[in-house]
Amino acid sequence: QVQLVESGGGSVQAGGSLRLSCALYGYVYGSYCMGWFRQVPGKEREGVAAIDSDGTTNYADSVKGRFTISKDNAKNTLYLQMNSLKPEDTAMYYCAARYGYDCYSGSWTYNYWGQGTQVTVSS
(Lines give C-alpha, C1' and ligand atoms only; values in the text may rest on other atoms or scores of the structure.)
Protein backbone atom coordinates (compact mmCIF):
# COMPACT_ATOMS: atom_id res chain seq x y z
CA GLN A 1 0.00 0.00 0.00
CA VAL A 2 1.09 3.55 -0.73
CA GLN A 3 1.11 6.30 1.85
CA LEU A 4 1.83 9.98 1.23
CA VAL A 5 2.93 12.55 3.78
CA GLU A 6 3.09 16.26 2.95
CA SER A 7 5.15 18.93 4.64
CA GLY A 8 6.33 22.48 4.03
CA GLY A 9 3.12 24.45 4.33
CA GLY A 10 2.94 27.67 6.27
CA SER A 11 2.08 31.34 6.19
CA VAL A 12 3.79 33.80 3.88
CA GLN A 13 3.24 37.29 2.55
CA ALA A 14 2.12 37.90 -1.00
CA GLY A 15 5.05 37.58 -3.36
CA GLY A 16 6.81 35.08 -1.15
CA SER A 17 7.72 31.47 -1.77
CA LEU A 18 7.15 28.06 -0.25
CA ARG A 19 8.31 24.60 -1.15
CA LEU A 20 6.00 21.71 -0.39
CA SER A 21 7.28 18.16 -0.08
CA CYS A 22 5.44 14.86 -0.33
CA ALA A 23 7.16 11.72 0.87
CA LEU A 24 5.91 8.48 -0.65
CA TYR A 25 6.03 5.35 1.47
CA GLY A 26 5.55 2.00 -0.17
CA TYR A 27 6.32 0.90 -3.68
CA VAL A 28 5.16 2.13 -7.04
CA TYR A 29 5.89 0.56 -10.39
CA GLY A 30 5.18 1.01 -14.05
CA SER A 31 3.39 4.14 -15.18
CA TYR A 32 2.06 6.29 -12.39
CA CYS A 33 1.01 9.83 -11.71
CA MET A 34 1.67 12.19 -8.86
CA GLY A 35 -0.05 15.48 -8.42
CA TRP A 36 -0.87 18.40 -6.20
CA PHE A 37 -4.41 19.51 -5.51
CA ARG A 38 -5.80 22.29 -3.37
CA GLN A 39 -9.09 23.05 -1.72
CA VAL A 40 -10.73 25.84 0.21
CA PRO A 41 -13.88 25.40 2.30
CA GLY A 42 -17.04 25.35 0.23
CA LYS A 43 -15.27 24.80 -3.07
CA GLU A 44 -14.30 21.76 -5.11
CA ARG A 45 -10.84 20.33 -4.89
CA GLU A 46 -8.89 21.52 -7.91
CA GLY A 47 -5.81 20.23 -9.63
CA VAL A 48 -2.72 22.40 -9.33
CA ALA A 49 0.03 20.41 -11.02
CA ALA A 50 0.82 16.85 -12.04
CA ILE A 51 3.80 14.83 -13.17
CA ASP A 52 3.96 11.39 -14.76
CA SER A 53 6.56 8.64 -14.74
CA ASP A 54 8.31 10.14 -17.75
CA GLY A 55 8.61 13.53 -16.11
CA THR A 56 5.88 15.18 -18.17
CA THR A 57 4.28 18.00 -16.22
CA ASN A 58 1.09 19.99 -16.43
CA TYR A 59 -0.20 22.99 -14.51
CA ALA A 60 -3.38 24.83 -13.84
CA ASP A 61 -3.53 28.11 -15.72
CA SER A 62 -3.73 29.99 -12.45
CA VAL A 63 -0.30 28.79 -11.32
CA LYS A 64 1.56 28.36 -14.60
CA GLY A 65 4.83 30.23 -14.54
CA ARG A 66 4.81 30.51 -10.75
CA PHE A 67 4.71 26.91 -9.51
CA THR A 68 7.01 24.04 -10.43
CA ILE A 69 6.32 20.38 -9.76
CA SER A 70 9.24 17.98 -9.59
CA LYS A 71 10.21 14.67 -8.06
CA ASP A 72 13.28 12.93 -6.76
CA ASN A 73 12.86 9.25 -7.50
CA ALA A 74 15.83 8.25 -5.38
CA LYS A 75 14.20 9.86 -2.35
CA ASN A 76 10.64 8.93 -3.30
CA THR A 77 9.70 12.55 -2.81
CA LEU A 78 7.49 14.93 -4.76
CA TYR A 79 7.92 18.69 -4.57
CA LEU A 80 5.94 21.78 -5.37
CA GLN A 81 7.96 24.97 -5.56
CA MET A 82 5.60 27.92 -5.23
CA ASN A 83 6.87 31.37 -6.12
CA SER A 84 5.18 34.75 -6.39
CA LEU A 85 2.43 33.56 -4.10
CA LYS A 86 -0.90 35.36 -4.14
CA PRO A 87 -3.66 35.49 -1.53
CA GLU A 88 -5.84 33.41 -3.85
CA ASP A 89 -3.32 30.59 -3.51
CA THR A 90 -4.43 30.16 0.09
CA ALA A 91 -5.76 26.62 0.46
CA MET A 92 -5.17 23.20 1.87
CA TYR A 93 -2.73 21.49 -0.47
CA TYR A 94 -2.86 17.74 -1.00
CA CYS A 95 -0.42 15.34 -2.58
CA ALA A 96 -1.94 12.47 -4.54
CA ALA A 97 -0.87 9.47 -6.60
CA ARG A 98 -2.34 6.85 -8.92
CA TYR A 99 -1.28 4.40 -11.57
CA GLY A 100 -1.64 5.38 -15.20
CA TYR A 101 -0.81 8.40 -17.31
CA ASP A 102 -2.42 11.60 -18.58
CA CYS A 103 -2.00 12.73 -15.04
CA TYR A 104 -3.67 16.13 -15.01
CA SER A 105 -7.09 14.74 -14.20
CA GLY A 106 -9.82 15.14 -11.64
CA SER A 107 -9.22 14.39 -7.99
CA TRP A 108 -11.60 11.43 -8.18
CA THR A 109 -9.15 9.61 -10.46
CA TYR A 110 -6.46 9.49 -7.77
CA ASN A 111 -6.29 6.59 -5.33
CA TYR A 112 -3.76 7.68 -2.74
CA TRP A 113 -3.81 10.90 -0.78
CA GLY A 114 -1.77 12.72 1.79
CA GLN A 115 -3.28 14.41 4.81
CA GLY A 116 -2.89 17.92 3.43
CA THR A 117 -0.76 20.89 4.38
CA GLN A 118 -2.10 24.40 4.82
CA VAL A 119 -0.77 27.29 2.77
CA THR A 120 -1.83 30.78 3.78
CA VAL A 121 -0.81 33.86 1.81
CA SER A 122 -1.48 37.27 3.32
CA SER A 123 -1.89 40.45 1.31
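These numbers were taken from a predicted model, which means no experiment stands behind them. (Residues numbered from 1 in each chain as written. Predicted model: local features only at pLDDT ≥ 70, side-chain atom pairs only at ≥ 80, totals over all residues. Heavy atoms only, no water.)

1. Some points on the sheet that holds strand β7 (residues 67-72)
Then, in step 1: A sheet is described by the order of its strands in space; here four strands give the open sequence β1-β3-β8-β7, paired in antiparallel fashion. Of all strands in the sheet, those bounded by a partner on one side alone are β1 (3-7) and β7. Adjacent strand axes in the sheet meet at a mean angle of 15° when their direction is disregarded.
Then, in step 2: In this structure, β1 lies alongside strand β3 (residues 18-25), joined through five bridges in antiparallel fashion. For S7, the partnering residue across the bridge sits in β3 and is S21. (Pairing = 2+ DSSP bridges. Helix = DSSP H or I, 4+ residues; strand = E, 2+ residues; numbered from the N terminus. Axes fitted to C-alpha atoms, helices over the stretch in contact; angles between N-to-C directions.)

2. Some remarks on the nonpolar core
Then, in step 1: If you look at the biggest cluster of nonpolar residues, it comprises 29 residues, and the most contacted ones within it are M34, W36, L80, M82 and Y93.
Then, in step 2: Listed by contribution, the elements that provide at least two residues to this core are β3, β4 (32-39), β5 (46-52), β7, β8 (77-82), β9 (91-99) and β11 (117-122).
Then, in step 3: Formed by six residues, the second largest nonpolar core is a distinct cluster that contains C33, A50, A96 and Y110. (Core = buried A, V, L, I, M, F, W, Y, C linked by side-chain atoms within 4.5 Å. Buried < 20%, exposed > 50% of the residue type's maximum accessible area, 1.4 Å probe, protein only.)

3. A short note on the side chain of D89
Then, in step 1: Position of D89 among the secondary structure elements: in the loop between β8 and β9.
Then, in step 2: With relative accessibility at 0%, the residue D89 sits in the buried group.
Then, in step 3: Excluding residues that lie within four positions of it along the chain, D89 makes contacts with R38, V63, R66, F67, S84, V119 and V121. (Contact = heavy atoms within 4.5 Å.)

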